[in-house]
Amino acid sequence: MQLATWMEDSEHLIRTKLQYVYILSSAGFFRKAETNLRMLPKNHFTDELYLEYYMRYEQLNSFLNEYIDDNQFNSAIRQELYAYCDSVLMYLPANSTLSLLYEAQLAQGRGEPEVAFKYNWAYLKTLQPDTHEYAKAGYRLG
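Analysis parameters
Residues numbered from 1 in each chain as written. Predicted model: local features only at pLDDT ≥ 70, side-chain atom pairs only at ≥ 80, totals over all residues. Heavy atoms only, no water. Axes fitted to C-alpha atoms, helices over the stretch in contact; angles between N-to-C directions. Helix = DSSP H or I, 4+ residues; strand = E, 2+ residues; numbered from the N terminus. Left-handed = near helix turned anticlockwise from the far one by under 90°. Contact = heavy atoms within 4.5 Å. Nonpolar A, V, L, I, M, F, W, Y, C, P; charged D, E, K, R; others polar. Core = buried A, V, L, I, M, F, W, Y, C linked by side-chain atoms within 4.5 Å. Buried < 20%, exposed > 50% of the residue type's maximum accessible area, 1.4 Å probe, protein only. Parallel < 35°, antiparallel > 145°, perpendicular 65-115°, else oblique.

K.L.:
What is the right way to look at the packing of helix H5 (residues 71-91) against helix H6 (residues 97-109) in this model?
P.N.:
Axis angle and axis distance: for two packed helices, these are the angle between their axes and the distance between the axes, and together they describe the pair. Contact geometry for H5 and H6: axes closest at 9 Å, N-to-C directions at 145°. For the element pair H5 and H6, the recorded crossing hand is left-handed. Contacts between H5 and H6 pair Tyr82, Cys85, Asp86, Val88 and Leu89 from the former with Ser99, Tyr102, Glu103, Gln105, Leu106, Gln108 and Gly109 from the latter. Looking at the contact of H5 with H6 residue by residue, the classes come out as six nonpolar, four polar and two charged.

K.L.:
Is there a simple way to think about the nonpolar core in this case?
P.N.:
The biggest cluster of nonpolar side chains holds 27 residues, and the ones touching the most others in it are Leu18, Leu37, Leu40, Tyr53, Val88 and Tyr102. Ranked by residue count, the leading element in this core is helix H4 (residues 47-67), at eight residues. Discounting residues that sit within four places of it in the chain, Tyr53 has contacts with Leu18, Leu37, Leu40, Lys42 and Phe45. In terms of nonpolar packing, the next biggest core, distinct from the first, is built from nine residues, Leu101, Ala104, Tyr119 and Leu127 among them.

K.L.:
Any chance you could explain the packing of helix H3 (residues 30-38) against H4 here in plain terms?
P.N.:
One can describe the packing of H3 onto H4 by two numbers: an axis separation of 11 Å at closest approach and a directional angle of 165°. The angle between the axes of H3 and H4 places the two elements in the roughly antiparallel class. In the packing of H3 onto H4, the handedness of the crossing is left-handed. Between H3 and H4, the residues in contact are Phe30, Ala33, Glu34, Leu37 and Arg38 and Tyr53, Arg56, Tyr57, Leu60, Phe63, Leu64 and Tyr67, respectively. When grouped by side-chain class, the residues that make up the contact of H3 with H4 number nine nonpolar, no polar and three charged.

Distances and angles like these do not, on their own, reveal function.
Okay, here's the thing in structure tokens:
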């Protein structure tokens, strides 16, 4: 962050802060991660930065959902998660690998398991075997 600040490169600084948010949320520092997301200057965002921003919010909610064992709270978190999936899709090219993953999550949220299966299967076919992503996609397919 210091280098981006010194270079006065606002896009690189925002991207670095988004990576920091990912580290915070994956380490369980949920409140600090959300505070950092709220403090970002969205008036300097490009479409690519908006995509990363919404993906970080989606990841934060996903990590939070996995961490908390409270059905009522988790239901509210999942609703937020689906809203951020929808926001991510606004900035992804249609039928891209990532859009298939987010479409599957949205279909699952709408209670459409057959549609979610279709998107998850299409997503799986875009991945290389013997990767972490492939294993996660296979798990989602059941």
